[in-house]
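Summary of structural features
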Amino acid sequence: MTLHNLLFLPLALLLALLLSACDRTEGDTSHPDDSALSVSIVEDEAASASGTDIDADAAAEADIYPLPFTEQEDVSDAYTPMEGVSWGEGELVTLNCTNLAVDAYAAGEEPVTVSGAGSQLLFSCTWTEAELTVYVGVLDEDGICYYLPLTGGSAAGVWDLSGLPAGRYTVFLISSNNEEGETSLVYQMAE
């Protein structure tokens, strides 16, 4: 065996282990109550067919991505970034965005309930291309979107949902480049 082979074999094994860890969708947070992957991919046909209230040219000039929802509100002031998330006893849900159509997004299959004061969404999100903007958000039953624009390749923290109207919301994840970026979100509701 040559020196080259002796060096290459451990590196190849390490790479294989890293890739297998990155590909997990269940049990990757070491939380005892992890749930199975609960994701649906939604292509927003209504937004595609009728357009949105956002002018794409104006959005490009403002360096924002036109989300495929007609009514939307940036609620960044309700987000508290953290170094890591201390998960509670509730269910953890994972959403992944990989190679989606431009107007598609990953959405949790089970809606979350916002009941007012104390409603929070704990989350950790990573994506492969740090220059992309990733949007973590919630959609109410009328299709109104509340979102957090995130940059830098990773984000974790607490989103205070108590400022939203009480009701049921679908958590979603979308990237400014759905077709090429790989994004993963783990979230949990807390009261």
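Let me sum up the structure you'll find in this document. (Residues numbered from 1 in each chain as written. Predicted model: local features only at pLDDT ≥ 70, side-chain atom pairs only at ≥ 80, totals over all residues. Heavy atoms only, no water.)

A separate point is the state of the cysteines. Under the defined criterion, the tally for this structure stands at zero disulfides. Cys125 provides the cysteine sulfur closest to Cys97, a residue in no disulfide bond, and the two sulfurs are 8.5 Å apart. (Disulfide = S-S within 2.5 Å.)

Another aspect to go through is the nonpolar core. In terms of nonpolar packing, the biggest core is built from 30 residues, with Phe123, Trp159, Leu173, Leu185 and Tyr187 touching the most fellow members. For this core, the element with the highest residue contribution is strand β7 (residues 120–127), accounting for four residues. Apart from the residues lying within four places of it in its own chain, the contact partners of Tyr187 are Trp87, Glu91, Leu92, Val93, Leu95, Gly108, Val112, Leu121, Leu122, Phe123 and Val171. Formed by 10 residues, the second largest nonpolar core is a distinct cluster that contains Tyr105, Ala107, Leu139 and Cys145. (Core = buried A, V, L, I, M, F, W, Y, C linked by side-chain atoms within 4.5 Å. Buried < 20%, exposed > 50% of the residue type's maximum accessible area, 1.4 Å probe, protein only. Helix = DSSP H or I, 4+ residues; strand = E, 2+ residues; numbered from the N terminus. Contact = heavy atoms within 4.5 Å.)

Right, let's get into the sheet that holds β7. Sheet architecture is open: five strands sit in the order β3-β10-β7-β12-β4, paired in antiparallel fashion. The two strands at the open ends of the sheet, each matched to only one other strand, are β3 (79–81) and β4 (93–98). Ignoring strand direction, the axes of neighbouring strands in this sheet form an average angle of 25 degrees. Here eight bridges tie β7 to strand β12 (residues 182–190), and the two strands are oriented antiparallel to one another. Residue pairing across strands places Thr126 opposite Ser184, the latter belonging to β12. (Pairing = 2+ DSSP bridges. Axes fitted to C-alpha atoms, helices over the stretch in contact; angles between N-to-C directions.)

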